[in-house]
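# Coordinate analysis (summary)
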There are 2 protein chains.
Amino acid sequence: MDHIIAVDIGGTNIRAALFPRDSDTHSAINKIPTVSPQDPAISAVDRVIECISSIWPKDGNVLGICAAAPGSIAVKEGLVLLAPNIEGWENIPLGQILSEKFGVKTLINNDARLAAYGEWKKGAGIGYENLLYFTVSTGLGGGIIANGDVIQGDIGIATEVGHIVLHDKGNRCGCGLDGHWEAFSSGTGIENYVRNRLVGMSAADSPFDSETPTTPQIAAAASDGFPIAIEAFERAGYYLGIGVSNYLHIFNPSCVIFGGGVSQVGELIFTPFQESLKKHVLNLRYIENLAIKMAELGDNAGLVGSAEYIRDRLD
Amino acid sequence: MDHIIAVDIGGTNIRAALFPRDSDTHSAINKIPTVSPQDPAISAVDRVIECISSIWPKDGNVLGICAAAPGSIAVKEGLVLLAPNIEGWENIPLGQILSEKFGVKTLINNDARLAAYGEWKKGAGIGYENLLYFTVSTGLGGGIIANGDVIQGDIGIATEVGHIVLHDKGNRCGCGLDGHWEAFSSGTGIENYVRNRLVGMSAADSPFDSETPTTPQIAAAASDGFPIAIEAFERAGYYLGIGVSNYLHIFNPSCVIFGGGVSQVGELIFTPFQESLKKHVLNLRYIENLAIKMAELGDNAGLVGSAEYIRDRLD
């Protein structure tokens with residue numbers, strides 16, 4: 001039977017799934033830690049190979065592999081330029097290594113982009129020709145479908161969606177540049193805001209056990225009415241509205257999908273988002289027929305997207 | 001002989017050109033003022049019809065018309081939502097009117113987007129699959145090619161390229177919203193900056209005859225070393241770099257083309273632009289193989305783009 005293999009490489013775990021060529025239901029799946037507990041010196045590349053090998057079909061009939069990796073990837077070369085969460089992953093020709101090892105066509109792509117692809121093909125975005133997908137978690141990533149095709153760019157490093165300047169004198173982003181959308185609306189942005197506001201506050205006045213509360217802790221404090229926590233989400237939602245309005249003006253999509261942990265907090269962030277979005281669009285036509293949806297594939301988006309991506313690119 | 005007709009509608013003039021289906025060389029062309037000097041009450045729509053009629057071929061063999069209009073256009077409906085420079089042009093179903101009048105397929109599109117299309121097909125952008133075109137003049141418009149296709153969006157109001165927030169507390173844009181790229185880097189942005197800096201300055205200290213100098217006058221003063229004029233272009237160029245870096249992160253194109261009057265001032269704006277661009281890209285891969293070019297079609301870009309656009313969409 002003809003198969004394809006989808007791989008989702010994260011900083012913590014690597015997952016690989018084997019699919020019949022024409023089925024969404026995997027016939028084998030495995031998950032292993034990215035860093036081997038037995039031997040931490042084993043490279044993440046070898047762990048990827050190990051995970052793929054573990055689900056390789058007995059008949060050996062694999063048409064192609066697609067791997068989703070976190071970070072900046074020169075898609076056309078199959079080259080991981082930089083994956084900050086995986087030790088040593090800088091300029092790793094992962095596509096070439098896997099393709100030589102397994103002897104089949106192998107594609108590498110950014111995990112958020114493949115999650116967007118998955119939502120487009122099998123999730124909340126089915127049927128839309130113009131679609132934005134944003135994953136709001138520690139960072140702010142995503143993927144974009146325009147004219148029924150995924151935006152990747154000349155070498156594949158397009159749709160670094162969180163790295164657009166919204167306020168050129170604004171906070172430093174994790175990437176080292178100032179005032180990016182990600183620095184305002186991501187979990188990291190929310191946490192930094194609260195941490196800065198807690199400076200000098202007596203422990204008795206703070207609802208947190210730590211000076212560096214996490215986004216879920218801040219969300220709980222906001223639900224309990226702690227003003228600084230509420231402000232943190234209001235600010236994140238305000239900039240979420242500005243960022244999305246920018247993208248609406250560029251793409252005029254008919255669907256926007258939100259995934260990622262921060263988007264799970266609900267109205268804490270989406271009420272200020274909706275207000276800000278209405279205020280920042282050039283005219284209401286941009287939002288009149290716009291479907292704003294939550295992602296449907298959850299943690300499987302990367303695997304599903306990888307499977308769909310290679311399926312669509314078999315010869 | 002089979003023909004197509006291209007029309008470029010501006011606030012000042014309307015131009016129409018007749019092309020053989022398979023030739024870039026027009027066989028007839030006409031230009032008339034948008035507002036009739038004889039009878040200013042004649043509507044701009046009637047003037048468009050008059051201009052098209054004046055070049056209609058004797059054999060009547062026209063396969064299609066494409067008209068470029070300034071403003072926001074719901075392309076799929078052929079509806080001019082708003083063209084601020086043309087009196088009364090709000091919700092004008094121009095596509096339907098022309099198609100009923102002339103009995104041929106008629107497409108309407110934004111002039112800057114069609115100029116981008118023209119540069120892509122016949123000008124500085126030939127052969128690029130991923131291309132940004134920015135026209136920097138009174139406003140800041142443009143068009144985008146991604147995956148070898150023009151970005152238009154769900155109803156056609158995509159690529160309002162100048163209307164992205166670069167500084168959410170920034171200057172008011174012509175559209176009424178704050179901190180848009182256009183408010184920083186367009187001719188209007190440059191003029192507003194200088195006008196504000198001239199407030200309270202004695203006439204003896206100003207090189208300008210007026211308190212509201214034009215962009216060409218400001219460019220001349222900058223060349224003569226007047227600091228405020230130099231600063232105005234440095235600021236515009238700085239934000240030009242930020243805006244373009246945002247678009248590089250979204251599209252990872254291999255070519256950026258600049259058109260429009262302000263881009264004619266040369267290094268006054270492009271030296272600070274280049275410095276800012278290098279500073280604001282996530283990494284140098286975005287600019288390593290990036291061709292940065294000046295538009296080649298000049299005032300003909302809209303007509304050429306219209307002709308190419310309809311040519312590519314004949315059944």
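Thresholds, definitions, all that
Residues numbered from 1 in each chain as written. Chains lettered and ligands numbered in written order. Predicted model: local features only at pLDDT ≥ 70, side-chain atom pairs only at ≥ 80, totals over all residues. Heavy atoms only, no water. Phe/Tyr/Trp six-rings, centres within 6.5 Å; stacked < 30°, edge-to-face > 60°. Lys NZ or Arg CZ within 6 Å of the ring centre and 35° of its normal. Contact = heavy atoms within 4.5 Å. Buried area = accessible area lost by both parts, 1.4 Å probe. Salt bridge = Lys/Arg side-chain N within 4 Å of Asp/Glu carboxyl O. Polar contact = N/O pair within 3.5 Å; in protein donor to acceptor, adjacent residues only side chain to side chain. Helix = DSSP H or I, 4+ residues; strand = E, 2+ residues; numbered from the N terminus. Buried < 20%, exposed > 50% of the residue type's maximum accessible area, 1.4 Å probe, protein only. Core = buried A, V, L, I, M, F, W, Y, C linked by side-chain atoms within 4.5 Å. Pairing = 2+ DSSP bridges. Axes fitted to C-alpha atoms, helices over the stretch in contact; angles between N-to-C directions. Least-squares fit on C-alpha atoms with pLDDT ≥ 70 in both. Parallel < 35°, antiparallel > 145°, perpendicular 65-115°, else oblique. Left-handed = near helix turned anticlockwise from the far one by under 90°. Nonpolar A, V, L, I, M, F, W, Y, C, P; charged D, E, K, R; others polar.

## Notes on the packing of aromatic side chains
Taken as a whole, this structure holds 29 aromatic pairs over all chains when the rule is applied. Stacked on the ring of Y309(A), the Lys or Arg R313(A) has its end atom at 3.8 Å from the ring centre.

## Some words on the interface of chain B and chain A
Taken residue by residue, the interface counts 49 residues in chain B and 49 residues in chain A. Roughly 3800 Å² of surface becomes buried between chain B and chain A when both sides are summed, with 54% attributable to carbon and sulfur atoms. It is I250(B), N252(B) and R285(B) in chain B that bury the most area against chain A; as a group they hold 17% of the surface buried on that side. Along the contact surface separating chain B from chain A lie zero salt bridges. Where chain B packs against chain A, one counts 33 residue pairs in polar contact (both at pLDDT 80 or more). Within the residue set of the side of chain B that touches chain A, elements represented by two or more residues are β6 (79-82), β10 (140-146), β11 (149-150), α7 (227-251), α8 (267-280) and α9 (285-288) of chain B. Per-element accounting of the side of chain B that touches chain A gives the leading share, eight residues, to α7(B).

## Section: unusual backbone geometry
Residues and elements named next belong to chain A. The phi dihedral of T159 is positive, around 50 degrees, even though this residue is not glycine. Inspection of the secondary structure puts T159 in the loop between β11 (149-150) and α4 (181-185). Looking at T159, the relative accessible area reads 6%, which means it is buried.

## Some points on the nonpolar core
Nonpolar side chains in soluble globular proteins tend to be buried together. Ranked by size, the top nonpolar core spans 107 residues in total, and within it F251(A) and F251(B) carry the most contacts. Aside from chain neighbours lying at most four places away, what touches F251(A) is L132(A), I144(A), A146(A), I151(A), I151(B), G153(B), D154(B), A158(B), I250(B) and F251(B).

## Structural notes on the sheet that holds strand β2 (residues 13-20) of chain B
Residue and element names in this part refer to chain B. Reading across the sheet, the five strands line up as β3-β2-β1-β4-β8 and stay open at both edges, with mixed pairing between neighbours. Bordering the open sheet on either side are β3 (28-33) and β8 (105-110), each of which pairs with just one other strand. Direction aside, the axes of adjacent strands within the sheet are offset by 15 degrees on average. Taken together, the seven bridges between strand β1 (residues 3-9) and β2 define a ladder with antiparallel strand orientation. Note on β2: the bridge partner recorded for D8 is R15. Contacts from helix α3 (residues 111-122) reach β1, β4 (62-69) and β8 within the one sheet, and its direction differs from that of β8 by about 100 degrees. Helix α10 (residues 301-311) contacts β1, β2, β3, β4 and β8 of the sheet and is inclined by roughly 140 degrees relative to β1.

## A look at the side chain of Q152(A)
Note that Q152(A) resides in the loop between β11 and α4. Here Y309(A) takes part through its side chain, which lies 2.8 Å from a polar atom of the side chain of Q152(A). Sequence-distant contacts of Q152(A), that is, excluding residues within four places in its chain, are made with V75(A), N109(A), R113(A), I157(A), A158(A), Y309(A), R313(A) and N252(B).

## Some thoughts on the relation of the copies chain B and chain A
Laying chain B over chain A is done by rotating through 180 degrees and shifting 0.0 Å along the axis; what remains is an RMSD of 0.0 Å. Between the two chains, the operation in question is that of a two-fold axis. Ranked by how close their C-alpha atoms come to the rotation axis, the residues of chain B are headed by H167(B), at 1.9 Å. Looking at chain B, 100% of its interface residues are interface residues in chain A too, so the copies touch through the same face.

## What about the environment of E191(B)?
All names here are of chain B. Here E191 shows up in helix α5 (residues 187-198). The exposure class assigned to E191 is partly exposed, which follows from its relative accessible area of 26%. Sequence-wise, E191 and S53 are 138 residues apart; in three dimensions their C-alpha atoms are separated by 40 Å. Sequence-distant contacts of E191, that is, excluding residues within four places in its chain, are made with P213, T214, T215 and I218.

## Some remarks on the packing of α7(B) against α8(B)
Residues and elements named next belong to chain B. Where α7 meets α8, the axes come as close as 7 Å, and the angle between the chain directions of the two elements is 40 degrees. As judged from the angle between their axes, α7 and α8 are oblique. Taken as a pair, α7 and α8 cross one another with a handedness that is right-handed. Contacts between α7 and α8 involve F233, E234, A236, G237, Y238, L240, G241, I242, V244, S245, L248 and H249 on the former and, on the latter, L268, I269, F270, P272, F273, S276, L277, K279 and H280. Considering only residue class, the contact of α7 with α8 consists of 13 nonpolar, six polar and two charged.

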